[in-house]
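Letter by letter, the chains look like this.
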Amino acid sequence: MAITENTLSGDEESGTGSTGARGPAHDASGPGSWLDHVRARPGGRLTLKIIVGVIGAALVVTGLIMVPFPGPGWLVVFAGLAVLATEFAWAHRLLGFAKRTVTAATDWLGRQNWFVRIVATLLTAALATAIVWISLKLTLGIDLLEYARNFVG
């Protein structure tokens, strides 16, 4: 009995080969294997898209709300995009674009002199302050400028 190349590579007729009796499609060691298993079921693909869409959208919206406030707002936005990118090609492209843009902006700012860095920091702080002021005024009816005038005067 001769050993053929097909037997060594796992392509023998019995279907067992080097990956076991169940074959490579059911190998539990792969990172996306359980997702592939869910997608293979009749309603699994749509259910998975809905669940991933809801969780990813919730993370993105929560992160965007957190952006002007102290905390990991952008990190949560990128985490939401990463979740969405597991099922949606547009989110995968958007996440890649966001990564490239943030990397380019960070690299550019790192090459600038101290004056440009200070101006960028002040503009970022002014934008964050304006967003907090608008958010508080529109959602809770709190006007921080009015409180500051009353406190000083």
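This report concerns the structure included in the present document. (Residues numbered from 1 in each chain as written. Predicted model: local features only at pLDDT ≥ 70, side-chain atom pairs only at ≥ 80, totals over all residues. Heavy atoms only, no water.)

## A few points about the pattern of salt bridges
So, point 1. Applying the stated criterion to the full structure yields one salt bridge.
So, point 2. For the salt bridge of K137 with D143, the shortest nitrogen-to-oxygen distance reads 3.7 Å.
So, point 3. The exposure class assigned to D143 is buried, which follows from its relative accessible area of 16%. (Salt bridge = Lys/Arg side-chain N within 4 Å of Asp/Glu carboxyl O. Buried < 20%, exposed > 50% of the residue type's maximum accessible area, 1.4 Å probe, protein only.)

## Quick word on the layout of surface pockets
So, point 1. There is about 350 Å³ of room inside the largest pocket.
So, point 2. If you go around the largest pocket, the residues you meet are V67, P68, W74, F78, V102, A105, T106, L109, T124, L127, A128 and I131.
So, point 3. Of all the secondary-structure elements, those providing two or more residues to the lining of the largest pocket are helix 4 (73-85), helix 5 (89-111) and helix 6 (114-139).
So, point 4. Tallied by class, residues from the lining of the largest pocket come to 10 nonpolar, two polar and no charged. (1 Å grid on protein atoms, 1.4 Å probe; cavity = no way out; pocket = protein on both sides within 12 Å on 5 of 7 lines; lining within 4 Å. Points joined across faces, edges and corners; volume = space filled by probe spheres on them. Helix = DSSP H or I, 4+ residues; strand = E, 2+ residues; numbered from the N terminus. Nonpolar A, V, L, I, M, F, W, Y, C, P; charged D, E, K, R; others polar.)

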